[in-house]
Amino acid sequence: MNTRTAPAQAATAAGKEPGRPLIRRLAQTPEVGVVAACVVVFVALALDKPTFASAVNLQGMGFDLAQYGLIAIGESLVILTGGIDLSVGALLGTSVILMSWFDVRAGLPPLLAILITLAIAGTVGLIHGLAVTRLKMPPFVVTLVTYTVAQGVTLAITSGTSITGVSGMFGDIGQTYVAQIPFPLIVFAVVAAAAWFFLERTYVGRQVYAVGGNPEAARLAGIRGERRIVSMYVTSSLLAAIGGIMVLGRMGVGSASGVGVGWELSAIAAAVIGGVSLVGGQGRILGIVAGTVLLELINNGLTALQINSNYTNIVLGCVLGLAIVADRLRARGMARRT
């Protein structure tokens with residue numbers, strides 16, 4: 001089985017060679033670069049704009065971080081299997097509309113509206129996984145179809161207008177603070193911790209790495225790769241819908257204009273910046289979280305510096321390009337060592 005999977009690297013980076021100096025071990029930890037970048041960017045922005053480090057701004061960043069972070073984790077789980085999910089942003093936006101429609105137009109209790117929407121999102125993820133594993137369709141094509149259909153469904157339901165009058169329960173979820181910490185941020189932290197435990201402390205999680213790192217070797221080892229791939233697509237879609245709950249709670253209306261559009265690029269960027277290999281089998285949750293934090297710092301920092309928002313996508317594209325180049329260089333370096 002491919003030995004370049006993340007658990008093996010994590011064991012080495014965690015310092016299981018006692019003779020190596022601590023600083024050297026930390027320097028060789030895969031996520032140290034992006035974590036250091038987060039610290040540098042935060043300190044630089046805080047020094048230039050004192051309000052950047054204010055409690056109000058940090059709380060606002062916490063809300064944003066939860067929204068992007070949930071779909072980034074889901075996206076990363078799919079990428080670890082060697083796939084890609086281009087539908088997470090559009091599916092999040094559609095989930096916002098579906099929950100609003102079920103709650104307001106269909107008159108369903110908010111909890112039931114949430115459960116039905118999660119069921120629909122899970123079914124979409126199941127279709128993705130089966131199409132990739134059983135029909136051998138390229139993940140790019142399968143999820144691109146969903147991306148297009150989801151946007152069409154959103155416009156068909158709303159006719160381009162927002163759905164108002166949603167239940168206050170959504171606001172309780174999306175705008176509540178627990179000890180001055182945004183509740184959505186706590187949800188994101190719990191999901192990240194669960195994903196970390198799953199990937200690095202369970203046998204099934206190690207199988208996900210194996211399937212993405214070397215599918216043929218995983219098959220010969222008796223691993224049911226198709227099940228692992230399908231489950232990751234389902235998880236990705238469910239996390240997109242959960243992100244939609246947070247967005248709806250924060251906005252208070254089912255908006256059909258631009259919600260979730262392009263967010264899949266931010267999710268992919270966060271994953272790649274955090275060290276997830278686009279070919280699968282490599283990456284850790286710590287890096288994914290750090291990558292999401294870095295993107296949020298950049299986005300919020302551009303706003304704090306009063307830089308035209310039209311340049312945000314340019315910066316995001318440049319950061320993503322650099323991350324992809326770094327990923328390729330990292331893969332080439334690993335190939336030379338093996």
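Residues numbered from 1 in each chain as written. Predicted model: local features only at pLDDT ≥ 70, side-chain atom pairs only at ≥ 80, totals over all residues. Heavy atoms only, no water.

Q: Explain the overall build of the protein here, please?
A: Looking only at helices and strands, the protein features 15 helices and two strands. For the protein, with 338 residues in total, the buried portion stands at 49%. Across the protein, the fraction of contacts at a sequence separation of at least 24, relative to all contacts at a separation of at least 6, is 77%. Of the roughly 15,500 Å² of accessible surface on the protein, 67% is carried by carbon and sulfur atoms. (Helix = DSSP H or I, 4+ residues; strand = E, 2+ residues; numbered from the N terminus. Buried < 20%, exposed > 50% of the residue type's maximum accessible area, 1.4 Å probe, protein only. Contact = heavy atoms within 4.5 Å. Areas by Shrake-Rupley, 256 points an atom, 1.4 Å probe, with all protein chains shown as cover.)

Q: For this particular structure, what's the right way to read the packing of helix α10 (residues 203-213) against helix α12 (residues 225-251)?
A: Relative orientation and spacing of two packed helices are given, respectively, by the angle between their axes and the distance between those axes. As a packed pair, α10 and α12 sit with axes 10 Å apart at the nearest point and diverge in direction by 100 degrees. One way to sum up the angle between α10 and α12 is to call them roughly perpendicular. Across the interface between the two elements, V204, Q207, V208 and V211 of α10 pack against G225, R228, I229 and M232 of α12. Its residues placed into classes, the contact of α10 with α12 shows five nonpolar, two polar and one charged. (Axes fitted to C-alpha atoms, helices over the stretch in contact; angles between N-to-C directions. Parallel < 35°, antiparallel > 145°, perpendicular 65-115°, else oblique. Nonpolar A, V, L, I, M, F, W, Y, C, P; charged D, E, K, R; others polar.)

Q: Mind showing me how you'd approach the environment of L199 here?
A: Tracing the backbone shows L199 in helix α9 (residues 183-201). Leaving out residues up to four positions away in the same chain, L199 has contacts with L77, L80, G205, R206, V208, Y209 and I285.

Q: Sorry if this is basic, but what is going on with unusual backbone geometry here?
A: Among all residues save glycine, negative phi is the norm, and among peptide bonds the norm is trans. For S159, which is not a glycine, the phi torsion comes out positive at approximately 55 degrees. In this structure, S159 sits in the loop between α7 (139-158) and α8 (168-174). Classification of S159 by relative accessible area gives exposed; the value is 63%. In this structure, Q306 is a non-glycine residue whose phi angle is positive, near 60 degrees. Locating Q306 in the fold gives a position in the loop between α14 (285-304) and α15 (312-337).

Q: What exactly am I supposed to notice about the pattern of salt bridges here?
A: A full pass over the atoms with the stated rule returns five salt bridges. Its salt-bridge partner being R134, residue E226 comes within 3.3 Å of it at the nearest N-O pair. One end of the pair, E226, is in helix α12; the other, R134, is in the loop between α6 (110-133) and α7, with 92 residues separating them in the sequence. Residue class for E226 comes out partly exposed when judged on its relative accessible area of 36%. For E200, the salt bridge identified is with R284, shortest N-O distance 4.0 Å. Placement of E200 in helix α9 and of R284 in the loop between α13 (263-273) and α14 is noted, with a sequence separation of 84 residues between them. The class for R284 is buried, based on a relative accessible area of 13%. One network of salt bridges, with partners in common, ties together R134, K136 and E226. (Salt bridge = Lys/Arg side-chain N within 4 Å of Asp/Glu carboxyl O.)

Q: So what exactly am I meant to see when it comes to α10 here?
A: Counting buried positions along α10 yields eight of eleven residues, so the element is predominantly enclosed. Every buried residue of α10 is listed here: G205, Q207, V208, Y209, A210, V211, G212 and G213.

Q: Which parts of the structure should I look at to understand the environment of M246?
A: By the element assignment, M246 lies in helix α12. Taking the C-alpha atoms as reference points, M246 and P184, separated by 62 residues in sequence, lie 6.4 Å from one another. In contact with M246, other than residues within four places in its own chain, are Q67, L70, I173, G174, P184 and V187.

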